[in-house]
Amino acid sequence: MERAKHTEKIQTLSSQQIQALTSVVVARANLAASLGQQYGGDRDIYQALGYKRVLTYADFWTQYSRQDIAKAIIDRPVKATWQGQLELIESEDAEKTVFEKAWYDLNKKLKLRSLLARVDRLTGIGRYGVLLLGLDDVIDNAGFAKPVSVSGKRELLYVKPFGENSAKIDLYVTDPNNPRYGTPLTYNVEVADVASGSSSVVRVHYSRMIHILEDHLESEVMGIPKLESVFNRLYDLEKLVGGDAEMFWRGARPGYQGTVDKDYSMTATTKKDLTEQIDEYENGLRRILINEGVDLKALAQQIADPSGHLDIQLTMLSAVTGIPKRILSGSERGELASTQDSGEWKTYVQSRREDHAEPHIIRPFTDRLIELKVLPKPESGDYKVDWLDLFSISEKERVEIGKSRANAIRE
């Protein structure tokens, strides 16, 4: 086992390493500063349109928590990916093997499918997500910082999913001769105490964690948050939707133009009363203005239809995320469009299962449990993930096919 062969070394950074790290940080800062620059810096689109140059986890979490489409971008692929029962099988025989039964019992006991789906969501919000394995060799919080004891069979008591913000990387493996060079050694995990309403930070060794990435290029530690590439479009969407609501509020209730009669002298009391009425009309639900000496004429109402602009934003979001526009917006009008979107969506979800959920979540998690003897080793030497078949014909589709055949026979 790797942990028995290699010892992680905690090293301080040399001046050369610090200089290299500083260079990377400066390069990224310069890249952020250049975003939106046109015509040699004479035009700054990001500043003009109110886009943020530097995005943090807090930005992504806020969008996910408060904006509908941002939440849909994260949640809908995850919910579709993990729908149905999740089974691990090593044989096509009807009778369960020892491994299959052990997985089934553990999944039922700890509700593993739900936990894996939760960490999948957390991974998409930030740059990574983690699963904390609650094993029976930990007596107190200090025990989390020690490598997992591999002597004998371990028992998995619980599994806790955490996002980047709640499980920050504390130390990295800095020994270049270690196969885990450049990967996390320990994490600082923020554990909430529901009873007291406070939280505490616990240092956790990497052997007790499953580190999960989805969209990553050069780094094996940090991925790319799902909302980062579409963040500007989400801002634009907020402007359009919020602006449409404000425009309707103001435009549907006409403004007034007042002309004071030339022979009328407005007293301070009358002026105050009229001002209060106008304020109630503008900011409240007052519909009648009572006044004297002032001729009020309603201005023309101005209400525009924003649907075309919203459609452009949803098209851009769909193009980047790979989620069909009708799936993203929850609109399924039109049988042909719905059928096409459904086929594309199922292909997208199946690809996500094969390219992300299985290799980056299920197998690392299951293999670690086998390594720690929480699960028995499959007798065949391997196992496969048995997902719900997305492309199977539904009962409704079977009925429609039956009707079509019956009509064809009658003709």
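Residues numbered from 1 in each chain as written. Predicted model: local features only at pLDDT ≥ 70, side-chain atom pairs only at ≥ 80, totals over all residues. Heavy atoms only, no water.

### A closer look at the environment of F60
Mapped onto the secondary structure, F60 falls in helix α4 (residues 57-66). A residue is classified by how much of its surface remains accessible, and F60, at 4% relative accessible area, is buried. Separated by 64 residues in sequence, F60 and G124 place their C-alpha atoms 9.6 Å apart. (Helix = DSSP H or I, 4+ residues; strand = E, 2+ residues; numbered from the N terminus. Buried < 20%, exposed > 50% of the residue type's maximum accessible area, 1.4 Å probe, protein only.)

### Details of α4
Those residues of α4 lying buried are Y57, D59, F60, Q63 and Y64. Seen end-on, α4 carries its buried residues on one side only, within an arc spanning 165°. (Arc of directions from axis to C-beta.)

### Let's talk about the packing of helix α5 (residues 68-81) against helix α7 (residues 112-125)
Relative orientation of the contacting elements α5 and α7 amounts to 150°, with a least axis distance of 9 Å. Classified by the angle between their axes, α5 and α7 sit roughly antiparallel to one another. Judged by the twist between their axes, the crossing of α5 over α7 is right-handed. Along its contact with α5, which presents I74, D75 and V78, the element α7 presents A117, D120, R121, G124 and I125. Its residues assigned to classes, the contact of α5 with α7 shows four nonpolar, one polar and three charged. (Axes fitted to C-alpha atoms, helices over the stretch in contact; angles between N-to-C directions. Parallel < 35°, antiparallel > 145°, perpendicular 65-115°, else oblique. Left-handed = near helix turned anticlockwise from the far one by under 90°. Contact = heavy atoms within 4.5 Å. Nonpolar A, V, L, I, M, F, W, Y, C, P; charged D, E, K, R; others polar.)

### Observations regarding the packing of helix α6 (residues 98-110) against α7
Two elements in contact, α6 and α7, have axes whose closest approach is 6 Å; the angle formed by their N-to-C orientations is 70°. In terms of their interaxial angle, α6 and α7 are classed as roughly perpendicular. Residues W103, L106, N107 and L110 of α6 pack against L112, R113 and L115 of α7. Of the residues contributing to the contact of α6 with α7, the split by class is five nonpolar, one polar and one charged.

### Some points on the pairing of strand β7 (residues 184-193)
Summarising the sheet, strand β6 (residues 167-172) and β7 pair through five bridges and their orientation is antiparallel. Within the sheet, the bridge partner assigned to I169 lies in β7 and is Y187. (Pairing = 2+ DSSP bridges.)

### Some details on the packing of aromatic side chains
Going through the model one piece at a time under the given rule, you end up with seven aromatic pairs. With centroids separated by 5.8 Å and ring planes inclined at 85°, the aromatic side chains of F60 and F231 adopt a geometry described as edge-to-face. Within this pair, whereas F60 is found in helix α4, its partner F231 is found in helix α8 (residues 231-251), the two being separated by 171 residues in sequence. Note on accessibility: F60 and F231 belong to one class, buried. Ring pairs connect the aromatic residues Y57, W61 and Y64, which therefore count as one cluster. (Phe/Tyr/Trp six-rings, centres within 6.5 Å; stacked < 30°, edge-to-face > 60°.)

### Topic: unusual backbone geometry
The residue K111 is not glycine, and still its phi comes out positive at about 55°. Looking at the secondary structure, you find K111 in the loop between α6 and α7. Looking at K111, the relative accessible area reads 56%, which means it is exposed. Even without a glycine there, the phi angle at K373 is positive, about 65°. Following the sequence through the fold, K373 ends up in the loop between α12 (335-371) and β12 (384-386). The partly exposed category is assigned to K373, whose relative accessible area is 42%.

### Brief notes about the nonpolar core
Counting 33 residues, the largest nonpolar core has W82, L156, V159 and F365 as its most contacted members. Put simply, the parts of the chain that give this core at least two residues each are α6, α7, β4 (129-135), β5 (156-163), β9 (209-212) and α12. Top element by residues in this core is α12. It accounts for six residues. Excluding residues within four positions of it along the chain, F365 makes contact with W103, L112, L116, L131, L133, L156, V159 and I210. In this structure, A72, L234, L237 and L328 belong to the second largest nonpolar core, which totals 24 residues. (Core = buried A, V, L, I, M, F, W, Y, C linked by side-chain atoms within 4.5 Å.)

### Let's talk about the environment of I327
As for its position among the elements, I327 is in helix α11 (residues 325-329). Residues I327 and S342 lie 15 residues apart in sequence; the distance between their C-alpha atoms is 8.2 Å.

### Topic: the pattern of salt bridges
Applying the stated criterion to the full structure yields 18 salt bridges. Across the pair R154 and D136 runs a salt bridge, and its minimum N-O distance is 2.7 Å. Remark: D136 occurs in the loop between β4 and β5 and R154 occurs in the loop between β4 and β5; sequence separation between them is 18 residues. You can call D136 partly exposed: its relative accessible area is 33%. Across the pair D137 and R208 runs a salt bridge whose closest N-O atoms are separated by 2.9 Å. Taken together, the residues D137 in the loop between β4 and β5 and R208 in the loop between β8 (198-205) and β9 connect sequence positions 71 residues apart. The exposure class assigned to D137 is partly exposed, which follows from its relative accessible area of 21%. One salt-bridge network, held together by shared partners, links D120, E214, K226 and R352. (Salt bridge = Lys/Arg side-chain N within 4 Å of Asp/Glu carboxyl O.)

Purely spatial values, then, with no claim about function.
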